[in-house]
Every structure is written in C-alpha cells, then in structure tokens.
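Fold and contact review
Now for the letters of each chain:
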Amino acid sequence: MKEKELQIRNIFPDEANIPELFRMKDPVVQREYLVNGEMRRWTGEMQEVVSPVYVKSPSGLSENVLGAYPLVGEKEGLEALEAAVAAYNSGRGLWPSLSLHERIASVETFVSEMVQVKEEILRLLMWEIGKSYEGGLKEFDRTVECIRNTFGAVERLDRSSSQFIVEESIIGKIRRAPLGVVLCMGPYNYPLNETLATLIPALIMGNTSVVKPPKLGVLLYSPLLKAFRKAFPAGVVNIIYGDGKRLVPPILRSGKIDVLAFIGSGRVAEIVKSYHPRPQRLRAVLGLEAKNPAIVLPDADIDAAVKECVRGSLSFNGQRCTALKILFVHSGIAKEFVERFADEVSSLRCGMPWEKDVFITPLPDADRIRYLGELMKDAEKCGARIVNKSGGCTNITFFYPALLYPVDSRMRIYHEEQFGPLVPVVPFDDIEAPVRYCIESSYGQQASIFGRDIAALGKLVDVLVNQVCRVNINSICQRGPDVFPFAGRKDSSEGTLSVSDALEAFSIRTIVATKDVNGNREIITGIVREGSSSFLSERKS
Ligand code: G3H
C-alpha cells in the first residue's frame, strides 16, 4: 500500500494520542434554549451530535458522540418569535429606543463574555466541524475584531448623519432607523463568524432577533447562551435549536419577520423567502453559492500561482464559499501547473484538527463524501484523470484532495459547487473560454486572475468586474479584510456585507423634514434644544 494511503488509513487517533488540552471531556448535552431572556429547559426530543473525528478503539474506529441539542417544536419557535416581536414592540421597545451608546455597551458586554469561553468554542469547532485549531482561532479572533470595528463604524455613520440639511426650502434630518425583527441563520463552515457578522450589526442598529444555529456547529452556541442572556435585554436575542424544516416555515408564515439574514444554499433561501405572506416586505441579506474561478494566464509566475491556488481551493478542505472552485489554466503551462499543484498537495499536512499546521481534516457533512465521489466518477467517465497520488482516497469522514485534469463542460464538476477538496483544472487556449464561463455561470461572487502582462490583466479586470464583485490579482478569493465589501452577483448573494455595509443592510434611511416656513425652524430647534426627540437630537448616543 502506498505511503499516503497508509497514512489515510491510520488518520484517526488513538484516544491516548489526543493532547489533553484538546480532548472533549464531558458530552455537551444542551438542554436549554434562550427565549425572552430565560433559559428554557427542554424535555422533549434531542438531536445527538456526532463528531467527524473518529477515535481508534480495540474493536476498530469508533464514533464520538459529542453531546445533544434540543429539537424544539413549532410552538417554541413561535414563542421565540413573539419574544422578539414584543422586544421590538413596533420600534417602541426598550432596545430600539436605547441610545447607540447603550446598545454598544451591551454588545461590549457580550464580547467580553464570549472571550471568556474562547477555548471551549475552539474545542467545539474542532470536534464538531473538523476545523483546525488554527482555523478556529482565526475565525474567533476575526469575529471579535469585526465586532469591535463595528463600534467605530456605527459611530462614524451616526456622526455623519447628525447634521440638518436644507434643500429647496425643506429642512431635513436623515438618519438610519432599524427594520424590526431579524431571523438570523448562519452556515456550518463558519458557524460563529458568519452568524455574528449579521446578528451583531442587526442588533447595534436596534433590531431584535431570532437565531437558529446551523445544522452542524450547534454545540458551540451552548457556552454563548449565557453571554447573550447577560448582555441583552429580554427578547432581543432568542436562540432556538431544531430542525429548520419544522421551525422556520411557521416563523416566516407569521409575516412578523422583517429581515432574513441567511448564509447557505440558494434553494433553501428561495423556499424560506416564499413562506412569507408578503415576500416583497421581507428584506433579505443572503450569502449563497459560488463557483469562483481562477484564470491562470500563460505568463503567470507558476510557483506563486500554484501556491495561491492550493490555498484558495483547499483551505479548510475547500469548504469556503469564497474557495476557488474551478481553475482555468492556459494550455501552454497547464501540464507544468498541474504537476506542481500535485506536488504541493502531497506536501499538505493531513490529520486531526488540533495538529499544528494541519491543512486537510475530516469533513463534517456525512453526505459530502458520497457527493464528491460521484462528481469524481462522473469527471473520470468523461475523460478527466485524478492527477495527484492517492487523490480521492477516503476513510469514513476523511477525503484526500483530488486534482482533476483535464476538465471540460460535459462534466458535473464544471458546473456544480463541490464545496470540498476536489480541484478541477480546465485547460484553455483562448481567453474567451474562461470569460464565457464567468458570463454564463449562475454565480458571480469573485474571481482570481494570475499573470504579469499588464495589458492582458487590465483588460481582463475590466471584463470581470461586470461579472463578479471582486477580482483578485495574483491572489486567492476571500471575504476579508472585513472592511471590504462582500457581495455577489446573480445567484451568489443578495445585499452587501462588510463592517459598514452590514449596518446599512439592517437599517433604513429615514427622514424628518419640514418646510422652512411659519416657525417650523423654531419648532425643530426647540425639539433639539429640549431633547424631546432622540431621532432629532444632536447625537443619538
Ligand atoms: O464561506 C464563506 C466565508 O465568508 C469565507 O470567508 O474568504 O475569509 O475564508 P474567507
């Protein structure tokens, strides 16, 4: 048996070899959920959580049960909704009426509580979704930093709207007001970051919320429940666990959700939106599928392009919405590119999430391995080869990256988002081929282009900026830094996120205006002087 295959066969650890610091001590049996400021105890059906990390036992590999979470029902879901509706109270609730400064103080409390349970969250990210410790650390720290940057951004936003303006004899003051109740659902690959990246801006702008954690990456909410409870007034954040298919429809059908913040598949987003009785009323902030291409031009620095493309396509096992999911490489350099790519893959460290510098880890979604296998077989049937040694070799939840070459439009992998460690390489002669791919694709999030010829790169940039929302030159596709706008065209997203864009997505510009006649100016001045309106006052904070 080849060395790599032997390593994959032995990829899972003996209990004794798991460092003490990273062991799951006791199962996390999460019986409580948060509604209206109360930790409600659930005595009904529970969902067992099993780790993608298997452990060797004398009888073979054994499954690791990490704990369980409640499968609350329709009634509990609607109670959470009613708590959020009451806390908002048509914009007259305590939370939307607090000053910005007071809302920021609550979020600060939340952050300082969250930081205290950091190691617990990192451990759960490793065991529940197979994220490396280093990857989890990045996710956690980035989330904290993003929240802290939001404070500055919202203060700037508020300051910039604190002046009265006079236009055509009308005096007006324009400020951003909250939208209402937000249903917030994040994805399993970034269960902490992508949930809080919508939830926190929504809260800071004065909205209230119902949060349903993703199907995988749920238990890490357990140490956060207390933090939410301590930091926010009752009903502002309500966290429910359960089967989305059962919980979400009645919540949406009530017509009481004002904003849907959802990161996941377009198919689910469409179904969820359709439950709302007046879909045109429902605002949506959506992060959906993508199939970001890399286009490697004939004069690219092959070494540098290979390194970026490996990182871009295989970081966190390719399970990033921003991952490079198809590589178009000029046929003049394709052979060399593919060989070096295969070498680079063979040097990636495979193993358990707590291992230093580990790159490829077990996959949490049980169905994904089967799906990746299907895509691989289909591509091989149509003439692609698995170029790298042991590519596609599996061991229960572990899938060793496979580099597929040459890929063409007859193959499913050319069109479908693999969301896993499969890397298709398409050779091209005419630049029109990858350009047409971008034009005809259902997705339009980002693209990466690799090359040195200034004229060729410049031209390509101008074509691609009308197809995707970010063009990366000699660099991977990625969301960060979080102050950059994160958006997508076509089926890839709705709305734009960034530290400042998110604040705008969860609020609406609202004006108080008056004709500059008959003492109206004095009335406005009087309101401001006496502070009888917080909207009109000099600083809302
Ligand atoms: O899954 C989508 C994430 O937002 C990607 O973030 O590009 O910073 O890894 P990232």
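Residues numbered from 1 in each chain as written. Predicted model: local features only at pLDDT ≥ 70, side-chain atom pairs only at ≥ 80, totals over all residues. Heavy atoms only, no water.

**A look at the packing of aromatic side chains**
In this description, an aromatic ring pair is defined by two values, namely the gap between the centres and the angle between the planes. All chains considered together, the criterion is met by 13 aromatic pairs. Ring geometry for Tyr69 and Tyr241: centres 6.1 Å apart, planes at 40°, overall tilted. One end of the pair, Tyr69, is in strand E7 (residues 65-70); the other, Tyr241, is in the loop between strand E12 (237-239) and helix H9 (244-253), with 172 residues separating them in the sequence. There is no split in this pair, since Tyr69 and Tyr241 are both buried. A centroid spacing of 5.5 Å and a plane angle of 80° characterise the contact between Trp95 and Phe232, whose relative ring orientation is edge-to-face. With Trp95 in helix H3 (residues 94-97) and Phe232 in the loop between helix H8 (222-231) and E12, this residue pair connects regions lying 137 residues apart in the sequence. One exposure class covers both Trp95 and Phe232, and it is buried. Through successive ring pairs, a cluster of aromatic residues spans Trp95, Phe110, Phe228 and Phe232. When the ring centre of Phe316 is taken as origin, the NZ or CZ atom of Lys131, which lies over that ring, is 4.7 Å away. (Phe/Tyr/Trp six-rings, centres within 6.5 Å; stacked < 30°, edge-to-face > 60°. Helix = DSSP H or I, 4+ residues; strand = E, 2+ residues; numbered from the N terminus. Buried < 20%, exposed > 50% of the residue type's maximum accessible area, 1.4 Å probe, protein only. Lys NZ or Arg CZ within 6 Å of the ring centre and 35° of its normal.)

**Brief notes about the site of the ligand**
In the vicinity of the ligand, the contacting residues are Arg142, Asn189, Tyr190, Glu194, Arg320, Cys321, Thr322, Gln478, Arg479 and Gly480. Here Thr322 contributes a side-chain N or O atom positioned 2.6 Å from an oxygen atom of the ligand. For the ligand, the accessible surface in isolation is 300 Å², of which the surrounding protein chains cover 94%. Tallied by class, the residues present in the shell around the ligand amount to 2 nonpolar, 4 polar and 4 charged. (Near = heavy atom within 4 Å. Polar contact = N/O pair within 3.5 Å; in protein donor to acceptor, adjacent residues only side chain to side chain. Areas by Shrake-Rupley, 256 points an atom, 1.4 Å probe, with all protein chains shown as cover. Nonpolar A, V, L, I, M, F, W, Y, C, P; charged D, E, K, R; others polar.)

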